[in-house]
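So the chains spell out like this:
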Amino acid sequence: MTEVRIIKKRKDFLKVAKQGEKVVQSTLILQAAFNLSVEPDCCHIGYTATKKLGKAHIRNRTKRRLRAAARVVFGMNGLQGVQYVLIGRYRTADCPFEQLLKEMQQALKKVNKLLQKEEATHEQTADPTTDSAN
RNA sequence: ACGGGUGGCCGGAUAGCCGCGCAACGGAAAGUAAAAUCCACUUGUGAGGAAAGUCCGGGCUUCAAGGGAACAAGACACCAGAUAACGUCUGGCUGGGGAAACCCAAGGGAAAGUACCGCAGAAAAUUACCGCCUUUCUAUAUGGAAGGUAAGGUUGAAAAGGCGAGGUAAGAGCUCACCGCAUUCUUGGCAACAAGGAUGGUCCAGGCAAACCCUGUCUGAAGCAAGACCAAGUUAGGACGAAUUUCUUUUGAAAUUUAGUAUCGGAGAGUUCCCACUCCUUCCAGAGGUAGGUCGCGCCGAGCCUGGUUGCAAAACCUGGCCCAGAUGAAUGGCUAUCGUCAUAAAUCUUUGUCGCAAGAUAAAGCAAAUAUGAUACAGAACCCGGCUUAUAGGCUGCCCAUUUUU
RNA sequence: GGUCCCAUCGUCUAGUGGCCUAGGACACCGCCCUCUCACGGCGGGAACACGAGUUCGAACCUCGUUGGGAUCA
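Below: a short report on this structure.

What counts and how
Residues numbered from 1 in each chain as written. Chains lettered and ligands numbered in written order. Predicted model: local features only at pLDDT ≥ 70, side-chain atom pairs only at ≥ 80, totals over all residues. Heavy atoms only, no water. Near = heavy atom within 4 Å. Polar contact = N/O pair within 3.5 Å; in protein donor to acceptor, adjacent residues only side chain to side chain. Helix = DSSP H or I, 4+ residues; strand = E, 2+ residues; numbered from the N terminus. Nonpolar A, V, L, I, M, F, W, Y, C, P; charged D, E, K, R; others polar. Buried < 20%, exposed > 50% of the residue type's maximum accessible area, 1.4 Å probe, protein only. Contact = heavy atoms within 4.5 Å.

**Comments concerning the protein's contact with RNA strand B**
In the vicinity of RNA strand B lie 18 residues, with I7, K8, T48, R61 and R64 positioned nearest. Protein-adjacent atoms of RNA strand B, using a 4 Å cutoff, are sugar or phosphate at a proportion of 61%. Here a base nitrogen of RNA strand B sits 3.3 Å away from a polar atom, N or O, in the main chain of Y47. R64 places a polar side-chain atom, nitrogen or oxygen, 2.9 Å from a phosphate oxygen of RNA strand B. Sorting the residues of the surface near RNA strand B by element identifies α1 (10–19), β4 (42–48) and α2 (56–77) as the ones contributing at least two each. Considered class by class, the residues forming the surface near RNA strand B number six nonpolar, three polar and nine charged.

Set out below in structure tokens:
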């Protein structure tokens, strides 16, 4: 189990969007990136709903549904030391809840795989450089 | 019964599981630059009629800043009332629409001045083309010249009161009746205005002020990212003048201070002036970093609910009761079940009409219980109030008008 | 949350209430030129964000919607 905390600063959102991995589903977009400032045994989640989706009550609703789904999914499978960002899409407010759960799980699996790969390659490439620097 | 007008109200309910914000009670530890902390479970509480648009008006806060005058800029504009105030509301007047209930109107001033009115038309504001009439000339004609006139014609969105009679060379408010218009008087009304009378033919004069403008009334500006406090960090420079001290023959250099009183002067909300008030060695140039926290901020308010009195009403007053969201990447949700409301569909049932001897057929209307499918709106507080505007599935209800039928 | 600004062919723009059935440039389409393309020449289509009001008459004036953009300490 990993503890889930909420991202609140604009800086963090931008960082994840720039550097992280991205998976697109029909009901949501998931972005993720490692960050050293994350406490151990923790992962951070941020929620985004842009003005494109609709007026204020629709944006609030997408965020709520994302939050409700994320409580189920990320408590079990969230990686430690990672910042996730969930972005709502047009269908997020209307689609059946089970579909939202499924797609979120799929997206999380994919992102986690990508992150692990990147980490592995990063470690391989990083080690010799550090050696040569020393 | 059907069709319309207008006002008010509601705008899903219950249960279960998981979850969120805030407040109170309780507990805990920790150490940060400082202040917010963290945990638990219990209790309480948790969006709207528009929370929206930000179109008006206030409270509140800051700009050091109170009063008066002029100008500038902006808003508003029939009358009376309501209100903290308003561009809002209520009642009335006038004009327009409608068969009526009722609805709509930025509804002051065009004899204070300026501008504009394309095309067409003689002429778009001191007009005269075709006409009509009189006089006169000659080449006696479908002619010219001088005058009178504005009835008729054409154009246009708009052409200088309308219509009838008299009158005339032809005409004309030239004269008269009626209607309209203007002035004035009387009556009613707080007033806008209405009704009636008298006088006026110099009745001289179109539209446009949502063109400039004039008149009257109102307005200092900016906005809770206002603003106040706490913490950390950074910066605190240069030039000139004055005074003092030290060094120096002097010029000058260095350091420190720039205090108090009085006068003058300067500065101070868009501009100027006056009174009052405040501040002041002068000038120039920078540097640094951050949205960390607390308050403002929700328990007292132009507050909400109930009842009563006054008033046609908007509202006002009185009695009693209540305390009711407070976030800040922003809580009030997710799922399930049952029910409610509306629409549609087919079948069942009932009533009535028609056809038929009857069985029955067919059309219309209705209601009850159940079935299926679909729909269940607009939309989310962010300092707070009063309005306006815009969006809105569906439902309840008061009053009024017209038509038809029955009693 | 507050305060402002803007909207004209596909794009960038011009436009005194009547000369506007809206002009110009680039782009697009057709024809000509050329062996072909480009350049050049001729011609064509294409827009006043939406809804009301004022006016005899609105792209223009007024009000309300819609959409886009800027800014704050």
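**Section: the environment of Y47**
With respect to the helices and strands, the residue Y47 is situated in strand β4. By relative accessible area, which is 14% here, Y47 ends up buried. Not counting the four nearest positions on each side in its chain, Y47 is found in contact with F13, K63, L66, R67, A70 and L86.

From the geometry alone we can't say anything about function, so treat these as descriptive.
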